Amino acid sequence: MAGAMCPVVAMARDHDMQWLVVAIRGTLSFKDILTDMACKSVPFLEGQAHEGFVVATERLVKELRAKLPDEVARYPGYRVVLCGHSMGAAIAAMAAAVLRAEDDWAAG
């Protein structure tokens, strides 16, 4: 993903901890600032959230749904860990909430 409201993401396997890690970068580029500036409150799950973060979360979740189920199946017993800094932490928390609410493979 690249551009405004498209978070920069790194995915890794930690075999020692048995984690599938998704790390989301915080604000760094001008495109990230545009995501930060889209700050109108919009519906999100059962409440409201920052519009730029909601759009970025939706795009990230789409990417994760394409990749993580296969990883979870390939590495049974591994935990999916989403993390980030600043804007990335918000998007990580929001993506985790969406996945846990809507995807069986992420519910546990």
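Rules used in this analysis
- Residues numbered from 1 in each chain as written.
- Predicted model: local features only at pLDDT ≥ 70, side-chain atom pairs only at ≥ 80, totals over all residues.
- Heavy atoms only, no water.
- Helix = DSSP H or I, 4+ residues; strand = E, 2+ residues; numbered from the N terminus.
- Rg over C-alpha atoms; globule rule 2.2 N^0.38 Å.
- Buried < 20%, exposed > 50% of the residue type's maximum accessible area, 1.4 Å probe, protein only.
- Contact = heavy atoms within 4.5 Å.
- Areas by Shrake-Rupley, 256 points an atom, 1.4 Å probe, with all protein chains shown as cover.
- Lys, Arg positive; Asp, Glu negative; His and termini not counted.
- Charge placed at Lys NZ, Arg CZ, Asp CG, Glu CD.
- Pairing = 2+ DSSP bridges.
- pLDDT = per-residue confidence, 0-100.
- Patch = residues over 30% accessible without salt bridge, like charges linked within 9 Å, V, L, I, M, F, W, Y side chains within 5 Å.
- Salt bridge = Lys/Arg side-chain N within 4 Å of Asp/Glu carboxyl O.
- Axes fitted to C-alpha atoms, helices over the stretch in contact; angles between N-to-C directions.

Peer 1: Quick question: what am I supposed to make of the overall build of the protein here?
Peer 2: When helices and strands are tallied, the protein shows 3 helices and 5 strands. The C-alpha atoms of the protein give a radius of gyration of 14 Å, which matches the 13 Å a tight globule of 108 residues would have. On the principal axes, the C-alpha backbone points of the protein span a range of 40 × 30 × 20 Å. By residue count, 36% of the 108 residues in the protein fall in the buried class. Contacts in the protein between residues far apart in sequence, at least 24 positions, make up 62% of those at least 6 positions apart. Of the roughly 6300 Å² of accessible surface on the protein, a fraction of 56% belongs to carbon and sulfur atoms. Positive and negative side-chain charges of the protein, numbering 11 and 13 respectively, have mean locations separated by a distance of 4 Å.

Peer 1: Please clarify how the pairing of strand 3 (residues 41-44) should be interpreted in this entry.
Peer 2: Remember that side chains alternate between the two faces of the sheet whenever the strand is regular. By the bridge criterion, 4 bridges tie strand 3 to strand 4 (residues 47-50) in an arrangement that is antiparallel. Bridge assignment links P43 to a residue of strand 4, and that residue is Q48. Where strand 3 folds back on strand 4, the antiparallel hairpin that results is connected by 2 residues, among which L45 adopts a positive phi of roughly 50°.

Peer 1: Even after reading the chapter, I still don't get the confidence of the model for the protein, so can you show me in this structure?
Peer 2: Low-pLDDT stretches of the model should not have their predicted coordinates read in fine detail. Here the protein shows a mean pLDDT of 94. Residues at 70 or above account for 97%. Across the protein, strand 2 (residues 19-24) holds the top mean pLDDT of 98, while helix 1 (residues 30-37) sits lowest at 90.

Peer 1: I tried to follow a nonpolar patch on the surface on my own but got confused; where do I start?
Peer 2: Taken together, the side chains of F30, I33, L34 and M37 define a hydrophobic patch exposed on the protein surface, amounting to about 400 Å² of accessible area. Positionally, M37 belongs in helix 1. Judged by relative accessible area, M37 falls into the exposed class, the value being 57%.

Peer 1: Help me understand the sheet that holds strand 1 (residues 9-14), please; the structure alone is not making it clear to me.
Peer 2: Pairing between sheet strands relies on hydrogen bonds along the backbone, with the strands arranged either parallel or antiparallel. Here 3 strands make up an open sheet; going across it, the order is 1-2-5 and the pairing mixed. Edge positions in the sheet fall to strand 1 and strand 5 (79-84), since each has one partner strand and no second. On average, adjacent strands in this sheet sit at an angle of 20° to one another, irrespective of strand direction. With respect to the sheet, helix 2 (residues 51-74) is in contact with strand 1, strand 2 and strand 5, its orientation differing from that of strand 1 by roughly 10°. Helix 3 (residues 87-102) rests against strand 2 and strand 5 of the sheet, and its axis sits at about 150° to strand 5.

Peer 1: What am I meant to see in unusual backbone geometry here?
Peer 2: For residues that are not glycine, phi is negative in most cases, and the peptide bond is trans in most cases. Phi is positive for Q18, which is not a glycine, with a value near 60°. Among the secondary structure elements, Q18 is positioned in the loop between strand 1 and strand 2. We note that S86 has phi near 60°; this positive angle belongs to a residue other than glycine. With respect to the helices and strands, the residue S86 is situated in the loop between strand 5 and helix 3. Exposure remark for S86: the relative accessible area of 48% places this residue in the partly exposed category.

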